[in-house]
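# Inside the fold
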Amino acid sequence: MKKNYILLSLCLIFSNLVISQNTIDIKANFDVSTKSIHIYQTIKYLNTSNKVLDTIYLNDWSNSYSSKTTPLATRFAEEFKNTFHFAKDEDRGFTLISSIKDENQELYHSRLKQHPDVIKVVLSKPLQPGNTYNITLNYTVQVQNDKFTRYGISDDNNFMLRYWYITPAIFNGKWQYYSNKDLNDAYIPKAEITIEANYDAAYTLISELNEIKSEENQGRKITTIHGKDRINTKFTLKQNNDFNTVETDYFAIQSNIDTENLPSTDVAIITDRVTKYITENIGEYPHEKLLLTWIDYKKEPIYGLNLLPDFIRPFQDTFQYEMKILKTALRNYLENVVLINPREDQWVIDGIQTYFLIKYVEDNYPNIKLTGTLGNIWGIRAFHAADLKFNDQYNLAYLHMARTNLDQPLTMAKDSLLKYNKNIGNKYKAGSGLRYLNSYNNSKVTENAVKQFIADKKLKTTTGIDFYNYLKNNSIKNIDWFYNDFLNSNTKIDYRIKDIDKKGDSLVVTILNKKENNVPISLFSIKNDTAVNKIWVEGFKGEKTITIPGADVDRLALNYDKIIPEVKDRNNWKAVNKVLDKPIQFRLFKDVEDPDYSQIFFMPEFAYNLYDGFSPGLKLYNKTVLSKDFLYKFSPKYGIKSNDLVGSAYLSYIHRKENVKNFSTRYTVRVENYNYAKDLSYTTFTPSISFAFRDPNDLRKNKKQYLNFRYVSVDRDEDPTGEFETEGEPKYGVFNANYASINNNLKYFSSLTTDLQLAKDFGKLSATIEFRKLTQKNRQYNIRAYVGAFLYNNTFQDTDFFSFALDRPTDYLFDYDYLGRSEDEGITSQQLILAEGGFKSQLEPAFANHWISTINASTTIWQYIMAYGDVGFVKNHNLSPKFVYDAGIRLNLVQDYFELYLPVYSNKGWEIAQPEYDKSIRFIVTLSPSTLVKLFTRRWY
């Protein structure tokens, strides 16, 4: 009896081993002419839970391209990617399911309303724990164009696929499914996969799976590939095979990443070095081959290197290729080995990948600079950036977001992260954090934890908590702070030395923690610019006083080795026997901040307007590459045409707050002096306070609110010729309160602005509401309504300078970037500032000294060609309201940045038929560099 029991137990164990994972069998027929794949598929789904299942869920991410309303399409719109929205229908992909069966019985299935790329399948009988369930699927995948995500079918008919066939979702007590959002983060159970691919013989099949057999018949190839314990497979069909395989002692790498034209021997040596490094530091790769594609690298490049043109080579070709292969190989290795939810626990893979990138450079290229050989060029080597090590980029890139309160917790879901944080900020913070742990423990905590974690959890379902526990178990010291204050919080790290009291040979040091966290901080004793001692101070809140040896110490410094990603390190120094904590340093041009000095930057600056002409000058300022709370800028210039000293000065302090709706409050004082007409100058003095609001729980929302208060004091020269009327208003002061709520998105834009102005001789109130909608049929509708009225006006009999403008505001507050603000003729007079009345035709009456109400609308005719129309009423004192209108063609080249307006019909009649029509054409142009930059950065922040 006992023998029978043992035998039965062995049989059960053996049977569980045989079916210990899902199996997927696919027969895929690739049709280039229709850009489709016809798939017959069998899924043997294993219930690894302890619950009985009557429903399973399948990932069908090919269907995420099926419409303009899927979560993927919404993601594109949020990041201002209009390629997908304006694409032809045939360029979008979808999945057409013919049947889902169980033993020839059709199973009820449906797509989830909120997740059209997830399929719910109702089983015909309950699936018991430990048992398997067979499902057969017959479906066609219409492959999307690769211009959306780089995956799909290219214009020259090459297939580059990922997540292209249907896979089961993971059940771990709860179904783990979510939609494709171009994050490359499907959570898929490991499976034994067999694919029989039928395709045109002119193509070469590339896959990580092992080729079992291949035969050719009548111009078609049928290739069978197979792999065990696979999480996902990338699949490529190329007519011109550009992949090369390098066999190493550890595992093979097949890649088509640009080799920088290196000889094949160098490529082989580098590849062997990378595979050895990964194997020795992380563990043996469980498969024979690792596939690296150019798409992998393009989606996660070595930032900085990817922005440089090919003819600029600051690093040796071998180093560039080595880093590209290493970064891509680390990512693919971890994705194929660590079975973790990549949307919820992405910090694990990000941290391990970035940490070993840092370690690799430390071990093999310890002296390489961030700027490479560019740092040796005269002029460039004077910058502090030229002194930075290659690995300094990781803290800098994270601090770029931390300084502006745009950083997000490492444990936040991947689809909730800003694009910059997803691609750069959080990855680099995670890697820097693991380095921080090593330094804090003075041991190889991370290396040991990663090795054990991979050895124990390889190809097994795991979590971020599991990895943290490995770190904790390998730490000599308590690292609860790492989980509570580093991983799960975006509270910044910011310590400063408050006071030093010398007592004999000792120093009594008071350290202030400026933030609400408990992370440890390192304290260094400096003698002759060399660190002679280092201690770790355990985390605390508020102040902490410690006593350290102080004989022959010049200065103390916190975080001297820059290991800790501290939000401010310029307040980390304190002199022991000197007046200045840090020496003052003058630098030509803006630079990366050097915390060892109090820096003042200067640089030549140039400006232009019609009246001062070309105006060269010098700018003194303290703005660095990273944002700072306190900024100043003094910018005197000489107007060559006006022969006047002109320019501006600016002081600003911004109070940033964490995790609250009012995320920043800015206090500003600005002084400006230029000419507003020939030989006529103006001076403005403007103190202001601005409050900015947003949802602290969802930084991806583009909705923000602003509340601004300012006082604008203007002193203008009077015009003795009378050409520019200044009687009654050469000097004036205006209190201005403004509220704006803006929701800026690709498909839908809305804004509400209210404005109150109070001065000695007038008071006025106005409101603007604007809507912009991009429809499913690619038609754009714009409507803007403006209403303004004087509360009191003692100037209407003398001047229209303060009146509401129908088409060209006088800009008495000097807010707008007019090329020629006082011009009545010439090209500069045709510049359109879409403010106040917003009309394009220049009509009479051009001003309203009582009230004004207008509506501006436009809609798409074809692509960027639109029709516009404006209607409104203009009311002046002692006159009846005047009805005004115009209509024409709008060339919307770049919304809000570059636009052209061609009037057709208005109160004047057919403007297009009138003489000198070219003078009626209006244009919007943006030349401000800071404004233009937003056009390209808005999708990242």
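Below, the structure is looked at part by part. (Residues numbered from 1 in each chain as written. Predicted model: local features only at pLDDT ≥ 70, side-chain atom pairs only at ≥ 80, totals over all residues. Heavy atoms only, no water.)

### Points about the overall build of the protein
If you tally the helices and strands in the protein, you get 12 helices and 48 strands. Since a compact globule built from 941 residues should have a radius of gyration of about 30 Å, the 33 Å found for the protein is in line with a globular shape. In terms of overall dimensions, the protein has C-alpha extents of about 115 × 85 × 55 Å along its principal axes. For the protein, with 941 residues in total, the buried portion stands at 54%. (Helix = DSSP H or I, 4+ residues; strand = E, 2+ residues; numbered from the N terminus. Rg over C-alpha atoms; globule rule 2.2 N^0.38 Å. Buried < 20%, exposed > 50% of the residue type's maximum accessible area, 1.4 Å probe, protein only.)

### Examining the packing of aromatic side chains
Following the criterion strictly, the structure yields 60 aromatic pairs and no others. For the ring pair Phe 801 and Tyr 812, a centre distance of 6.1 Å and an interplane angle of 55° mean the geometry is tilted. Remark: Tyr 812 occurs in the loop between strand E41 (804-805) and strand E42 (847-848) and Phe 801 occurs in the loop between strand E40 (780-793) and E41; sequence separation between them is 11 residues. Accessibility assignment for this pair places Phe 801 and Tyr 812 in one class, buried. The structure contains a cluster of three or more aromatic residues connected by ring pairs, namely Tyr 732, Phe 762, Tyr 786, Phe 790, Phe 801, Phe 802, Phe 804 and Tyr 812. One cation-aromatic arrangement involves Lys 619 over Tyr 621; the distance from NZ or CZ to the ring centre is 4.6 Å. Taking the ring centre of Phe 804 as reference, the NZ or CZ of Lys 764 above it sits at 4.1 Å. (Phe/Tyr/Trp six-rings, centres within 6.5 Å; stacked < 30°, edge-to-face > 60°. Lys NZ or Arg CZ within 6 Å of the ring centre and 35° of its normal.)

### Re the sheet that holds strand E11 (residues 167-168)
If you walk across this open sheet you meet the four strands as E6-E7-E3-E11, and the pairing is antiparallel. A single partner strand is all that each edge strand has here, and the edge strands are strand E6 (109-111) and E11. (Pairing = 2+ DSSP bridges.)

### As for helix H7 (residues 392-402)
Counting buried positions along H7 yields eight of 11 residues, so the element is predominantly enclosed. Within the sequence span of H7, burial applies to Gln 393, Tyr 394, Asn 395, Ala 397, Tyr 398, Leu 399, Met 401 and Ala 402. Packing partners of the buried residues in H7 comprise helix H6 (346-364) and helix H8 (419-441). (Contact = heavy atoms within 4.5 Å.)

### A word on the packing of H8 against helix H9 (residues 445-457)
One way to put it is that H8 packs onto H9 with a least axis distance of 8 Å and a crossing angle of 120°. Overall, the two elements H8 and H9 adopt an arrangement that is oblique. In this structure, H8 contributes Leu 434, Leu 437, Asn 438 and Asn 441 to the contact, and H9 contributes Val 445, Thr 446 and Glu 447. Among the residues making up the contact of H8 with H9, the classes are represented as three nonpolar, three polar and one charged. (Axes fitted to C-alpha atoms, helices over the stretch in contact; angles between N-to-C directions. Parallel < 35°, antiparallel > 145°, perpendicular 65-115°, else oblique. Nonpolar A, V, L, I, M, F, W, Y, C, P; charged D, E, K, R; others polar.)

### With respect to a nonpolar patch on the surface
On the surface, Leu 618, Leu 620, Phe 630, Phe 634, Leu 651, Tyr 653, Tyr 667, Val 669, Val 671 and Phe 685 cluster together into a nonpolar patch covering about 820 Å² of accessible area. Residue assignment for the nonpolar patch shows that the elements contributing at least two residues are strand E31 (613-621), strand E32 (630-639), strand E33 (644-656) and strand E34 (662-677). Considering every element that reaches the nonpolar patch, the biggest residue donor is E34, with three residues. Looking at the secondary structure, you find Val 671 in strand E34. Owing to a relative accessible area of 32%, Val 671 belongs among the partly exposed residues under this scheme. (Patch = residues over 30% accessible without salt bridge, like charges linked within 9 Å, V, L, I, M, F, W, Y side chains within 5 Å. Areas by Shrake-Rupley, 256 points an atom, 1.4 Å probe, with all protein chains shown as cover. Salt bridge = Lys/Arg side-chain N within 4 Å of Asp/Glu carboxyl O.)

### Section: the side chain of Thr 233
Within the element layout of this structure, Thr 233 appears in the loop between strand E17 (220-230) and strand E18 (235-238). Judged by its relative accessible area of 2%, Thr 233 falls in the buried class. Engagement of the side chain of Thr 233 in a polar contact is seen with the side chain of Tyr 165, the distance being 3.2 Å. Thr 233 has contacts with Trp 164, Tyr 165, Ile 193, Ile 195 and Leu 209, leaving out every residue within four places of it along the chain. (Polar contact = N/O pair within 3.5 Å; in protein donor to acceptor, adjacent residues only side chain to side chain.)

### Brief notes about the sheet that holds strand E20 (residues 252-255)
By way of backbone hydrogen bonds, the strands of a sheet pair with one another, either parallel or antiparallel. Read across the sheet, three strands follow the order E19-E20-E21 without closing on themselves; strand pairing throughout is mixed. Whereas interior strands pair on both sides, the edge strands pair on one side only; in this sheet they are strand E19 (244-246) and strand E21 (289-292). Neighbour-to-neighbour, the strand axes of the sheet open up by a mean angle of 20°, direction not taken into account. Bridge analysis of E19 against E20 gives three bridges, and the strand direction is antiparallel. For Thr 245, the partnering residue across the bridge sits in E20 and is Gln 254.

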